[in-house]
Amino acid sequence: MTGNRRKKAEKTMKSLFFIIATASVAVLGMIMIFLFMEGLPIFKEVSVKNFLFGKYWYPTSDPPDFGIFPLIIASISVTGVSAVMAIPLGVMTAVYLAELASKRVAEIVKPMVELLAALPSVVIGFFGMVVVAPFLQDIFDMPTGLNLFNASLMLAFMSIPTICSISEDAIYSVPNALREGSLALGATQWETIIRVVLPASISGISTAVILGMSRAIGETMVVLMVAGGAAMIPGSIFDPVRPMPASIAAEMAEAPFRGEHYYALFATGIVLFLFTLFFNVIADFISNRYRQVGEASL
Amino acid sequence: MSDNNIKMASEHLDFYYGDFKALHDVSLQFRKKQVTALIGPSGCGKSTYLRCLNRMNDLIPISRVEGKILLEGEDIYNTSWDVVSLRRRVGMVFQKPNPFPKTIFENVAYGLRVNGIRDKSEIEKRVTESIQQAALWDEVKDRLQESALGLSGGQQQRLCIARALAVEPEVVLMDEPASALDPIATQKIEELIHELKQQYTIIIVTHSMQQAARVSDKTAFFYIGKLIEVGDTDTLFTRPRLKQTEDYITGRFG
Ligand SMILES: Nc1ncnc2c1ncn2[C@@H]1O[C@H](COP(=O)(O)OP(=O)(O)OP(=O)(O)O)[C@@H](O)[C@H]1O
Ligand SMILES: [Mg+2]
């Protein structure tokens, strides 16, 4: 009878795990339904086009303007500028750790990079506010150090660990046989890294970059604290901006429940969600598409 | 010693992985345009020895070399030697085919590019020649721009040979190049070695006595890190001097 009991236990376990798995999917689904339910009503007031491409975000004036174009531009530009800083730094750190550093150095540096990921975003935001902002203000003689550049820099700090550790795994998993094959042809270590190792790990590195970026675009606290908060289309990277998450976080508390402003903020949330969804789909696509790299199979 | 026909030689070579001594006092000479086979039981140090000849072991941090390896009379472990140019002169084909995840064409062109050849027609010419030389041309001529990973194992190995030949080395090291291949692919590679010997000095590790007998002029027998016996292949296989050698080649080993 023990056989039967074991089978039964197995079945119970299986259904238990199934319920747990469905539960998290269900919660995800509920959040999405809620997001759309609370966001879509705004489109009774403004058209989708005017909402997305309207240049003015004055949700509390009379009559209010609900154009989130400046917020979208702010999010994209902050993420883009932070990518320009974080990608080279993150990937180069990964190359250094995986290919060049001695074992001892790697053992020290790696946990430190990972620790950077453990820093609460409010701490990074605080650092940007108290240290970086006055510094920028002094050096460049600007009216405010809380701006697009500062926010991008802080976001770069936050995405470097993601980019670095995923890239490092990708580089590390390139078979040694490829490195040896390259060196045996008279390539230098440098040429081997640039022309063989990096191309062979490009899918992992791309995934790393996109995940890092999707973390940056959704990040709220840092941009709330250091981006400057002006809902204008920036003219230079030293202008203050108001990315979507900052706008939502700053205004939600004062927006009247189920008023137009409230709906508009949820609709902004939908747009933000679509952005991160897009990033993740791309990341997935790339890692599937270039899966077959590395050592030849016989 | 100053024999003009000696391309490469090792003199009293000792090799260590950390504290483990993997090669003991190996002295061996390789003549120009000859094929030398290295045989011996698994773990006896054949690969280690081969990888000393193009300093591939430099990549292993704990390793250490004592003694000399001479290429045309010059010690390659001398500090003034440039490893990159050494590896260009002493090419290597690995046991497992290791094509780069690039196109077939780029796999062969890679060595040329890293060696500073920029001229497009020159690259094209040498890629074509090397693939032809490696007896692969007919099978790949219509798909040069496809990924090399789509080739069969035997084709990949011949591509790796083509890749090694493209940079026109003087010596070609082969570590069991046919161990993962079927008899037909193996035969092609053996025929290829016959062709290549017109031009190159070849050193090949093999586990197959028949293969050693078929392709090589000289055979060296290694056992637990020591060179036991070396001689003309015909002599070594028919009249070995030492009992150990005889036991190994007749399969009575234990
Ligand atoms: N990277 C390494 N670190 C430490 N020891 C090693 C390393 N590579 C090889 N060895 C040891 O050195 C000895 C010789 O190994 P080697 O690979 O040269 O043998 P081989 O004759 O090529 O064997 P096989 O025929 O199985 O390929 C073995 O005892 C092996 O365990
Ligand atoms: Mg071996």
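Rules and cut-offs
- Residues numbered from 1 in each chain as written.
- Chains lettered and ligands numbered in written order.
- Predicted model: local features only at pLDDT ≥ 70, side-chain atom pairs only at ≥ 80, totals over all residues.
- Heavy atoms only, no water.
- Helix = DSSP H or I, 4+ residues; strand = E, 2+ residues; numbered from the N terminus.
- Buried < 20%, exposed > 50% of the residue type's maximum accessible area, 1.4 Å probe, protein only.
- Polar contact = N/O pair within 3.5 Å; in protein donor to acceptor, adjacent residues only side chain to side chain.
- Contact = heavy atoms within 4.5 Å.
- 1 Å grid on protein atoms, 1.4 Å probe; cavity = no way out; pocket = protein on both sides within 12 Å on 5 of 7 lines; lining within 4 Å.
- Points joined across faces, edges and corners; volume = space filled by probe spheres on them.
- Nonpolar A, V, L, I, M, F, W, Y, C, P; charged D, E, K, R; others polar.
- Core = buried A, V, L, I, M, F, W, Y, C linked by side-chain atoms within 4.5 Å.
- Buried area = accessible area lost by both parts, 1.4 Å probe.
- Salt bridge = Lys/Arg side-chain N within 4 Å of Asp/Glu carboxyl O.
- Expected span 1.5 Å × (residues − 1).
- Bend = angle between axes of the 7 residues up to and from the residue.
- Pairing = 2+ DSSP bridges.
- Near = heavy atom within 4 Å.
- Areas by Shrake-Rupley, 256 points an atom, 1.4 Å probe, with all protein chains shown as cover.

Caption draft 1: Up close: the side chain of E251 of chain A. Residues and elements named next belong to chain A. Mapped onto the secondary structure, E251 falls in helix α11 (residues 244-251). The class for E251 is buried, based on a relative accessible area of 5%. Looking at E251, its side chain comes within polar contact range of the side chain of R242, at 2.9 Å. In contact with E251, not counting residues within four places along its chain, are W57, P59, R242, H261 and L265.

Caption draft 2: Up close: the environment of M158 of chain A. All names here are of chain A. Its location among the elements puts M158 in helix α6 (residues 148-172). Here M158 falls in the buried class, since its relative accessible area comes to 4%. Along the chain, M158 and S121 lie 37 residues apart, while their C-alpha atoms are 7.7 Å from each other. Residues in contact with M158, not counting those within four places in the same chain, are S121, I124, R215, E219 and V222.

Caption draft 3: Examining empty space enclosed by the protein more closely. Residue and element names in this part refer to chain A. For the structure shown, the criterion picks out one cavity of 30 Å³ or more. Looking at the largest cavity, its volume works out to about 30 Å³. In terms of lining, the largest cavity is formed by S75, V78, T79, L155, A216, I217, E219, V223, P243 and P245. For the lining of the largest cavity, the elements supplying multiple residues, two or more each, are α3 (69-100) and α9 (202-218). No other element matches α3, which puts three residues into the lining of the largest cavity. When grouped by side-chain class, the residues that make up the lining of the largest cavity number seven nonpolar, two polar and one charged.

Caption draft 4: Region of interest: the nonpolar core. Of all hydrophobic cores here, the largest spans 55 residues; its most connected members are V78, L155, I171, V222 and V223 of chain A together with Y110 of chain B. Leaving out residues up to four positions away in the same chain, V223 of chain A has contacts with V78, A151, L155, P243 and A246 of chain A. L112, I131, M174 and L236 of chain B belong to the second-largest nonpolar core, a separate cluster that totals 46 residues.

Caption draft 5: Spatial organisation of the interface of chain B and chain A. On the chain A side, the residues contacting the 30 residues of chain B number 23 residues. For the chain B face of the interface with chain A, the top three residues by lost area are Y110, V114 and L149 of chain B, together amounting to 24%. The interface formed by chain B and chain A includes one salt bridge. For R51 of chain B, the salt bridge goes to E180 of chain A, with nearest N and O atoms at 3.0 Å. Between the two partners, chain B and chain A, sit five residue pairs in polar contact (both at pLDDT 80 or more). Those elements giving two or more residues to the side of chain B that touches chain A turn out to be α2 (83-89), β6 (90-93), α3 (104-114) and α6 (153-166) of chain B.

Caption draft 6: A look at α6 of chain A. Residues and elements named next belong to chain A. Taking 1.5 Å of rise per residue, 25 residues should cover 36 Å, and α6 covers 35 Å from first to last C-alpha, within 8% of that figure. Of all bends in α6, the biggest is about 35°, found at S159, and the proline P161 comes one to four residues later. Across the 25 residues of α6, 18 count as buried, placing the element largely inside the fold. The residue sitting at the N-terminus of α6 and contributing the capping side-chain oxygen is N147; that oxygen lies 3.2 Å from the backbone nitrogen of F149.

Caption draft 7: Representation of unusual backbone geometry. Cis geometry marks the peptide bond from D62 of chain A to P63 of chain A, where omega comes out at 0°. With respect to the secondary-structure elements, P63 of chain A resides in the loop between β1 (57-58) and β2 (65-66). With a phi angle near 40°, E176 of chain B is a residue other than glycine that sits in the positive phi range. With respect to the helices and strands, the residue E176 of chain B is situated in the loop between β7 (171-175) and α7 (183-196). When its relative accessible area of 11% is taken as the criterion, E176 of chain B is described as buried.

Caption draft 8: Layout of the layout of surface pockets. All names here are of chain A. Reported here for the largest pocket is a volume of approximately 940 Å³. The wall of the largest pocket is formed by 24 residues, among which A98, E99, A101, Y172 and N176 lie closest to the centre. Mapped by element, the contributors of at least two residues to the lining of the largest pocket are α3, α4 (103-118), α6, α7 (176-184) and α8 (189-200). Counted by class, the lining of the largest pocket contains 11 nonpolar, four polar and nine charged residues. What lines the second largest pocket is L28, I31, M32, L35, I248, M252, L265, F266, G269, L272, F273 and T276.

Caption draft 9: Seen up close, the pairing of strand β4 (residues 63-71) of chain B. All names here are of chain B. Here strand β1 (residues 6-17) pairs with β4 via eight bridges, running antiparallel. From the neighbouring strand, A9 faces β4, where its bridge partner is L70. Note: β4 against strand β5 (residues 74-75), two bridges, orientation antiparallel. Considered in β5, the bridge of L70 is made with D75. The turn linking β4 back onto β5 is made up of two residues, and E72 within it adopts a positive phi angle of 50°.

Caption draft 10: Layout of the site of ligand 1. Residues and elements named next belong to chain B. As a matter of local geometry, ligand 1 sits amid 13 residues, with S42, K46, S47, T48 and H207 nearest to it. Side-chain polar atom of S42 to an oxygen atom of ligand 1: 2.4 Å apart, as the coordinates give it. Taking C44, its main chain carries an N or O atom lying 3.2 Å from an oxygen atom of ligand 1. Summarising the interface, the protein chains cover 64% of the accessible area of ligand 1, which totals 630 Å² for the free molecule. Counting only elements with at least two residues in the shell around ligand 1, the list comes to β2 (20-31) and α1 (46-53). Tallying contributions element by element places α1 first for the shell around ligand 1, with three residues. Each residue belonging to the shell around ligand 1 can be placed in one class, and the counts come to five nonpolar, six polar and two charged.

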